[in-house]
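Summary of structural features
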Amino acid sequence: MKLKTPPPKLSALFAIVVFASLAAGQELVSRNVSVANPQQGQLRQIRVQTMEDGSVKIEGPSGLRDAVSYQSADRYVVIVPQAFMASFQTDQSGKDFLSMRFEQRGDDVEISFKLRHGATARLVFGSTALSVLFTPPQVAMLRMNDGAAANQSPVANPPKSPPSNTVPAAGNSSVPATAVPQIGIPSLKDLLAQIPSLIPGATKDLKADFSNIDLSVPESPAFTVLGVTPNTIVRPATPRALGTSLLNGLDKNGNFQSGLAIDTAPYMLFNGQNVTLQDYNDYYLTRLLSRTQFSFATTKAAASDDTSTRLALGLNLTLWDKGDARVYHPQRGKDGDVLTCFKANIQPPDAPSSATPSASEIAAINARAIAANSRVADACRDKVRKANWNATSWTVAYAPSWITKNGQNSDLKWNGGALWTSFAYGFDGLPSLSKIGQLILHARYRTKEQVVDPNHAGQFLEQDSTLFGGRFRAGNPNFAFNVEGSYVHQRVAGNKTLNSGQFAFGAEMRVSENLYLVVTGGNGPGDAGATRKGFFMSSFKYGFNKKSQLNPQP
Amino acid sequence: MTDDAPTVSIKRTGSLPQIQLQFGFAQFASFRILLWDTTGHNPTEIAKNTNTPGEPDTFAIGSTVADLDQRFITWQATISSPTGGADEQFSQTATFLQDDASCPDSPFTQSGQFTNTTATFANARFQVVD
């Protein structure tokens, strides 16, 4: 397949970052950006003037204190982010530079100066404007030597005979251009922190929110198939409570009232007292039944003059779960198995002073035990959750639904249903992948779903749909990526069919301790059904973020 | 808790009694079983264990049946949820066995709802009957 919209300058972007990381940015000269960037969409107008003393003045709001500069071959480049120039004259020349050029790069303005042989330039921040000061070639050589003597850092030491086109520029000085200032050699950390500002088009704080494909199986399928989010869900603790809830959900004629929502694990409800850990571990059927969730919901039609009531049942079955905390895996050790950790750390309550202690003594003993062991249990679960984040599992859910037009149970008619399944594979048995990767495959089939009619406001269409989706994610604190895609086949009333696909990807690489290069792309839900053929990409972003967003490991 | 602990009747001619401790809802438990003298003091530990798979859940009590008359037994447990969900259920059942059968007045069950971790205490007094 061919990428129709190639990532712009991606290779150059990586090259810049890698170069900056490895070479400590010898040529990158800038200042710490401490002023918050203006919001996008509020570009600042700037003015550029060539002054009589040969310097160049750049005026704009707040003194443009977030501008940065760097040296590239014989050009000195100033980038003013979030700015534009209403008009400018290209190829101007000055006393100490051969030419000056302007370029609008996305939301940033790039102003570059071609320097005379051996000359240097630097950026001076004033209260209302920036000044680009130029130093003639002979003064520049003197500054280089002084700078080398002043700073013995092996990284920062410039060569004693620098190439004529390597001209460091002081970016944060208010010393007049005619003076010979000390060169402030930025640290590697500072240099890396400036990278986001130096790459035109890169987005700062890029959120990797590309993921929009729902590959989950609902825990309460009955609520999902009816499209309701009940305010009050009854979770009966005893069979009697379940019976009471069902009775309360019936009107005086024995018909279901709307707004009933019940969610329970029926096997645990009726037989939980007999399910020991030993039994749970010994028998697959016990595990399957214990994990099975049952849901039931009723809802009334949205229209006020519609008396119909819909009801749905739901079953969620976890067929396979290698991360089940109630299964004993002593071979995984205390950090990989909840029960092993519990066994090693959770203690019984202290012994009482006698066989017949007072109620207050028992209350105090139990309170101490609960407090101490709750912390231990939390720590165990947390450690194991992190270790087993990609445990292999397979879940299936099914939810049939019915409708009664007049609210009478005797008039119930089939109203479609839904089937979901997700298989998450943690690459068991593949040591190189089992700690860092996870593959999720998902399928969903739904019938008689009510969807908004795009051609008739306020009306709905009935559709059947099938979705296949997948996601692969892998990573560690230094590098992570995520690829996901889905294919949807829809059939709406009138036998009109629609096939569409989505995909998204994202990758991040840690550049420094708190700086991640992020690249995301794909097409969104709005592109579904577009008439384009083949592989296309409607969005591509690159930028930086201070936090890891894609590392799947918790 | 008062002196009137529930009674467990055991036959003088029967086998040495045992206590079986089971925990439902697939919850984890760390428990301690103590045998006390007839005044309710000077405990002897019968078991301190967990209910993880493979561990015993039944323990012999004392050395002779006659020696158990009027003595107290207590069992305590810390019960923790492996999944850590809210409003979970627990069930703790202590069954006294003699000659492979449940003793009269047995079993003793405690149950309820909890979040994360809970703790239990129960006691009984043996009465040797002919």
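See the structure printed just above.
Residues numbered from 1 in each chain as written. Chains lettered and ligands numbered in written order. Predicted model: local features only at pLDDT ≥ 70, side-chain atom pairs only at ≥ 80, totals over all residues.

The subject of this paragraph is the overall build of chain B. Within chain B, the secondary structure is distributed over 0 helices and 10 strands. Beginning at the N terminus, the succession of helices and strands in chain B can be written as β-β-β-β-β-β-β-β-β-β. Split into buried and exposed, the 130 residues of chain B put 45% on the buried side. Contacts in chain B between residues far apart in sequence, at least 24 positions, make up 73% of those at least 6 positions apart. (Helix = DSSP H or I, 4+ residues; strand = E, 2+ residues; numbered from the N terminus. Buried ≥ 20, exposed ≤ 12 C-beta atoms within 10 Å, placed from the backbone. Contact = placed C-beta atoms within 7 Å.)

What follows deals with the interface of chain A and chain B. The interface is formed by 38 residues belonging to chain A together with 42 residues belonging to chain B. If you list the elements that add at least two residues to the side of chain A that touches chain B, you get α7 (277–282), α9 (338–345) and α10 (359–387) of chain A. Among the elements that line the side of chain A that touches chain B, the one with the most residues is α10 of chain A, at 9 residues. Class assignment for the residues of the side of chain A that touches chain B results in 21 nonpolar, 14 polar and 3 charged. (Nonpolar A, V, L, I, M, F, W, Y, C, P; charged D, E, K, R; others polar.)

To continue, consider the nonpolar core. Of all hydrophobic cores here, the largest spans 48 residues; its most connected members are Val 338 and Phe 342 of chain A together with Ile 19, Ile 33 and Ile 73 of chain B. With sequence-adjacent residues up to four places away left out, Phe 342 of chain A is seen in contact with Ala 377 and Cys 380 of chain A together with Phe 28 and Ser 80 of chain B. Core analysis: the next-biggest nonpolar cluster, separate from the first, contains 27 residues, Ile 46, Val 68, Val 77 and Val 78 of chain A among them. (Core = buried A, V, L, I, M, F, W, Y, C linked by C-beta atoms within 7 Å.)

Residue and element names in this part refer to chain A. By the bridge criterion, 14 bridges tie strand β17 (residues 437–452) to strand β18 (residues 460–475) in an arrangement that is antiparallel. When the bridges of β18 are listed, Gln 450 appears paired with Glu 462. Pairing of β18 with strand β19 (residues 479–492) involves 13 bridges; the strand directions are antiparallel. Looking across to β19, one finds that Arg 473 is bridged to Asn 482. Hairpin remark: β18 followed by β19, antiparallel, with 3 residues in the connecting loop. (Pairing = 2+ DSSP bridges.)

Moving on: the sheet that holds strand β10 (residues 117–129) of chain B. Residues and elements named next belong to chain B. Here we have 5 strands laid out as an open sheet, ordered β1-β10-β6-β3-β4, and mixed in their pairing. Looking along the sheet, the strands with just one partner apiece sit at the ends: β1 (7–11) and β4 (44–50). Across the sheet, the axes of successive neighbouring strands diverge by a mean angle of 20°, strand direction being ignored. Examined bridge by bridge, strand β6 (residues 72–80) and β10 share 9 bridges and lie antiparallel to one another. Bridging from a neighbouring strand, Gln 76 pairs with Phe 121 of β10. (Axes fitted to C-alpha atoms, helices over the stretch in contact; angles between N-to-C directions.)

This paragraph deals with unusual backbone geometry. Residues and elements named next belong to chain B. In this structure, Pro 107 follows Ser 106 across a cis peptide bond, with omega equal to 5°. Note that Pro 107 resides in the loop between β8 (101–102) and β9 (108–114). Within the chain, Ala 26 stands out as a residue other than glycine whose phi angle is a positive 50°. Locating Ala 26 in the fold gives a position in the loop between β2 (18–23) and β3 (28–35). Phi angles above zero are rare outside glycine, and Asp 99 is one such case at about 55°.

So, on to the environment of Asp 96 of chain A. All names here are of chain A. Within the fold, Asp 96 resides in the loop between β6 (83–84) and β7 (97–105). C-beta crowding within 10 Å serves as the criterion here: with 22 such atoms nearby, Asp 96 is assigned to the buried category. With 24 residues separating them in the primary sequence, Asp 96 and Thr 120 have C-alpha atoms 8.9 Å apart. Each residue touching Asp 96, except ones within four places of it in the same chain, is listed here: Gly 54, Arg 116, Ala 119, Phe 134 and Pro 136.

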